[in-house]
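# What the coordinates show
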Amino acid sequence: MTFPQTMVIDEVIATSPARSTRQQWFRDYTAAYGEYVGYASYAADALQLLVDAVQQGGSTMRSTVRTTLEFLHIDGFTGPLSLLPDDHSAVMPQSLALLVVRGGRWRLAD
């Protein structure tokens with residue numbers, strides 16, 4: 001399966017402050033909720049994108065938030081995210097990893 005590295009963040013070597021932050025978020029999330037739900041990091045990133053759009057746009061007006069969102073770039077819990085007017089998926093290719101199930105859990109593919 002192709003999915004953001006967050007699903008297997010405990011296997012990823014923290015070579016940057018962003019990866020260290022993702023690992024800490026994963027540990028905090030699993031400590032609070034028992035297990036990681038694959039879409040939790042998307043929800044956290046969506047909220048961060050909205051907060052950043054309001055702060056950068058200086059308004060909560062829908063049109064301002066939308067316009068600001070379309071040019072935001074963040075290093076989120078899911079990985080690097082970039083919204084563009086013609087691409088609203090935000091997930092950048094370097095955020096994704098190929099995963100396989102081994103021993104009853106998701107692992108990085110070799």
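Quantities reported herein were computed from a predicted structural model and do not represent experimental measurements. (Residues numbered from 1 in each chain as written. Predicted model: local features only at pLDDT ≥ 70, side-chain atom pairs only at ≥ 80, totals over all residues. Heavy atoms only, no water.)

### As for the overall build of the chain
Per the secondary structure count, the chain includes 3 helices and 5 strands. Reading the chain from its N terminus to its C terminus gives the helix and strand order β-α-α-α-β-β-β-β. If you line up the chain on its principal axes, its C-alpha atoms span 50 × 30 × 25 Å. Residue pairs at least 24 apart in sequence account for 42% of intrachain contacts in the chain once pairs closer than 6 positions are excluded. (Helix = DSSP H or I, 4+ residues; strand = E, 2+ residues; numbered from the N terminus. Contact = heavy atoms within 4.5 Å.)

### Topic: helix α2 (residues 40-57)
The α-helix winds at 3.6 residues per turn, so residues separated by three or four positions along the chain end up facing the same way. Counted at 1.5 Å a residue, the expected span for α2 with its 18 residues is 26 Å, and the 26 Å between its end C-alpha atoms agrees. All buried positions along α2 are accounted for by A40, S41, D45, L49, D52 and A53. (Expected span 1.5 Å × (residues − 1). Buried < 20%, exposed > 50% of the residue type's maximum accessible area, 1.4 Å probe, protein only.)

### Details of helix α3 (residues 62-69)
Among all positions in α3, only V65, T68 and L69 are buried. End-on view of α3: buried residues confined to an arc of 100°, all on one side of the axis. If you follow the buried residues of α3, they end up packed against α2. (Arc of directions from axis to C-beta.)

### Quick look at the packing of α2 against α3
The interhelical angle for the contact between α2 and α3, taken along N-to-C directions, is 110°, at an axis separation of 9 Å. As the angle between them shows, α2 and α3 are arranged roughly perpendicular. Of the residues in α3, those touching α2 at L49, L50, A53, V54, Q56 and G57 are T64, V65, T68 and L69. Its residues assigned to classes, the contact of α2 with α3 shows 6 nonpolar, 4 polar and no charged. (Axes fitted to C-alpha atoms, helices over the stretch in contact; angles between N-to-C directions. Parallel < 35°, antiparallel > 145°, perpendicular 65-115°, else oblique. Nonpolar A, V, L, I, M, F, W, Y, C, P; charged D, E, K, R; others polar.)

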